[in-house]
Amino acid sequence: KNKLHTLQILSYYGIPVVKTVVIHEKQYLDMALKYLGSFPIVIKSINGSGGAGVAIAESKRSVQSAFSFMKDKQSTGNALLLQEYISEAKGKDLRLFVVGEKVVGAMQRSAPEGDFRSNIHQGGSGKAYQPSAKERHLAIRATKAVGLEIAGVDIIETRHGPAVMEVNSNPGFEGLEQCTGINIAEAIGLQANLGGNHRLGAQLFKNSSKVLFRFPQAVSESRIEKVDSQIQRVAHRLHLIRMRSLD
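Quick caveat, the model's predicted, so the values are computed rather than measured. (Residues numbered from 1 in each chain as written. Predicted model: local features only at pLDDT ≥ 70, side-chain atom pairs only at ≥ 80, totals over all residues. Heavy atoms only, no water.)

Novice: Looking at this structure, how should I read the environment of Ile156?
Specialist: Structurally, Ile156 is set in strand β8 (residues 150-158). Separated by 62 residues in sequence, Ile156 and Leu94 have C-alpha atoms that sit 6.2 Å apart. With residues near it in sequence (within four places) discarded, Ile156 still touches Val18, Ile86, Ala89, Lys92, Asp93, Gly161, Pro162, Ala163 and Met165. (Helix = DSSP H or I, 4+ residues; strand = E, 2+ residues; numbered from the N terminus. Contact = heavy atoms within 4.5 Å.)

Novice: Even after reading the chapter, I still don't get the pairing of strand β2 (residues 41-45), so can you show me in this structure?
Specialist: A regular strand places its side chains so that they alternate between the two faces of the sheet. With five of five residues buried, β2 lies mostly within the body of the structure. By the alternation rule, side chains of β2 split into Ile41, Ile43 and Ser45 and Val42 and Lys44, which are all buried. Across five bridges, β2 lies against strand β4 (residues 80-84) in antiparallel orientation. Residue Ile43 lies in a different strand from β4, and its bridge partner there is Leu82. (Buried < 20%, exposed > 50% of the residue type's maximum accessible area, 1.4 Å probe, protein only. Pairing = 2+ DSSP bridges.)

Novice: Would you explain helix α2 (residues 29-36) in this entry?
Specialist: Residues that lie three or four places apart on an α-helix share one face, since the helix turns once every 3.6 residues. Taken residue by residue, α2 has Leu29, Ala32, Leu33 and Leu36 as its buried positions. Down the axis of α2, the sector holding all buried residues measures 95 degrees, keeping them to one side. Opposite its buried face, α2 presents the exposed residues Met31 and Lys34, each directed more than 90 degrees away. One or two residues past the end of α2 sits Gly37, with phi positive at roughly 100 degrees. (Arc of directions from axis to C-beta.)

Novice: Help me understand the pattern of salt bridges, please; the structure alone is not making it clear to me.
Specialist: Two side chains of opposite charge can pair, provided their charged atoms sit close to one another. Per the counting criterion, the structure on display carries seven salt bridges. As a salt-bridge pair, Asp30 and Lys60 come within 2.8 Å of each other at their nearest N and O atoms. Of this pair, Asp30 sits in helix α2 while Lys60 sits in helix α3 (residues 60-73), and the two are 30 residues apart along the sequence. Here Asp30 falls in the partly exposed class, since its relative accessible area comes to 46%. Ionic pairing is found between Arg109 and Asp154, a salt bridge with its closest N-O pair at 3.4 Å. Of this pair, Arg109 sits in strand β6 (residues 102-110) while Asp154 sits in strand β8; the two residues are 45 residues apart in sequence, bridging distant segments of the chain. The exposure class assigned to Arg109 is buried, which follows from its relative accessible area of 4%. According to the relative accessible area criterion, Asp154 is buried, its value standing at 3%. Salt bridges sharing common partners tie together Asp93, Arg95, Arg109 and Asp154. (Salt bridge = Lys/Arg side-chain N within 4 Å of Asp/Glu carboxyl O.)

Novice: Where do I start with the nonpolar core in this structure?
Specialist: Across soluble globular proteins, nonpolar side chains show a tendency to be buried alongside one another. In this structure, Val153, Ile155, Val164 and Val167 are the most contacted members of the largest nonpolar core, which totals 19 residues. Not counting the four nearest positions on each side in its chain, Val164 is found in contact with Leu10, Ile15, Pro16, Val17, Val18, Leu138, Ala142, Val153, Asp154 and Ile155. If you look at the next biggest cluster of nonpolar residues, it comprises 16 residues, including Val21, Leu29, Ala66 and Leu80. (Core = buried A, V, L, I, M, F, W, Y, C linked by side-chain atoms within 4.5 Å.)

Novice: Looking at this model, I keep getting lost on the packing of aromatic side chains. Mind explaining?
Specialist: Each aromatic ring pair is characterised by the separation of its centres together with the angle its planes make. Under the counting rule described, the total for this entry stands at two aromatic pairs. With a centroid separation of 5.1 Å and 90 degrees between ring planes, the pair formed by Tyr12 and Tyr13 is classed as edge-to-face. Its relative accessible area of 67% is what places Tyr12 among the exposed residues. Ring geometry for Phe97 and Phe173: centres 5.9 Å apart, planes at 85 degrees, overall edge-to-face. In this pair, Phe97 sits in strand β5 (residues 92-99) while Phe173 sits in the loop between β9 (161-168) and α5 (174-180), placing the two residues 76 residues apart along the sequence. Here Phe97 and Phe173 have matching classes, each one buried. Between the NZ or CZ atom of Lys19 and the centre of the ring of Tyr35, over which it lies, the distance is 5.2 Å. (Phe/Tyr/Trp six-rings, centres within 6.5 Å; stacked < 30°, edge-to-face > 60°. Lys NZ or Arg CZ within 6 Å of the ring centre and 35° of its normal.)

All quantities given are derived from atomic positions and should not be read as evidence of function.
This is the structure in structure tokens:
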């Protein structure tokens, strides 16, 4: 879930990412803004997810205000990420769902009117998308680089080509299933069963414990029910697949 650590790993392996600066103190804002080059810029907390903990700033004054506000809201005192805003994407990005070494589904997400975040949880909309070979390769490389078996890889189209924004270790797939008709739970079950993949199973249960126990004060009952439902579906699919293999 640590965006900074993820970006560091991706950069190390030569995977294209959005231009990013990390700063701890307000005194370094001028240097960061000079590096990023132009407004608007996007400010993110390191551990946010689902579009939460993200703001856009269109002037130096608004950057200073947003930075101070977001730093004050963080109980851990972590640094903040400042990223270039990809205007050519026009509020759109891609979510590729990777299981094992395969992209099992993808959608193009669009930000709602008046917002810049395309996350489904923030009111964004999604439609089925057929990723290019380059986009598939990028998503699989990113997933492997951070040591995951399951990941939701967010890719944005820049003037230099596709770049990775985030690699989500705990990706929801309800919205993806709805707009593509693909049974993601079954794809996870098949991968776990066919490969005898203990790492994948471990990631599933590790992710569920992060949501249910590590941050209980920040998780709504409806979110817990959705996570429980997804885990139960995967378990049910695994059971059916194994029963078929015994017949």
